Structures are given as C-alpha cells and as structure tokens.
Amino acid sequence: MSLTNTAQHLVSLAEGGEGGNHASLSPYVTGGGAFVVLILLLWITTRFNRDR
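Residues numbered from 1 in each chain as written. Predicted model: local features only at pLDDT ≥ 70, side-chain atom pairs only at ≥ 80, totals over all residues. Heavy atoms only, no water.

## Considerations on the overall build of the chain
- For the chain, the helix and strand inventory stands at two helices and zero strands.
- Expressed as a percentage of its 52 residues, the buried residues of the chain come to 0%.
- With the model as given, the accessible surface of the chain reaches about 5200 Å², and the carbon-plus-sulfur share is 66%. (Helix = DSSP H or I, 4+ residues; strand = E, 2+ residues; numbered from the N terminus. Buried < 20%, exposed > 50% of the residue type's maximum accessible area, 1.4 Å probe, protein only. Areas by Shrake-Rupley, 256 points an atom, 1.4 Å probe, with all protein chains shown as cover.)

## A few points about a nonpolar patch on the surface
- Residues Val37, Leu38, Leu40, Leu41, Trp43, Ile44 and Phe48 make up a contiguous nonpolar surface patch of about 760 Å² in total accessible area.
- Mapped onto the secondary structure, Leu41 falls in helix α2 (residues 27–48).
- Among the residues examined, Leu41 registers a relative accessible area of 45% and is labelled partly exposed. (Patch = residues over 30% accessible without salt bridge, like charges linked within 9 Å, V, L, I, M, F, W, Y side chains within 5 Å. Salt bridge = Lys/Arg side-chain N within 4 Å of Asp/Glu carboxyl O.)

What follows is the structure, given as structure tokens:
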C-alpha cells in the first residue's frame, strides 16, 4: 500500500461513517460524570496524603 492509497482509504472511512455520536449520549452528562469522578479521585488522593 502506498501513502496515497492509505490516505484515500482513511478519507473515505471518515466521510462514510455514521459520525460516532449516539443519540442517548449527552455531552453534559458525560462531562459531569467525568468531573465527578475526577473530584472523587482528588478527594481520595488528598485523604491518603496526610503528611503534607
């Protein structure tokens, strides 16, 4: 496979795809869930680091 063939194949895959966005995935719920998980990990880290 040459570089141009590979590039053309990747472009056709990108254009012909369904977009990858699922109808039930809300960016606000996903971002809020990630935020809550990160805050929980920060809280756990600070509980174990009592020597500071």
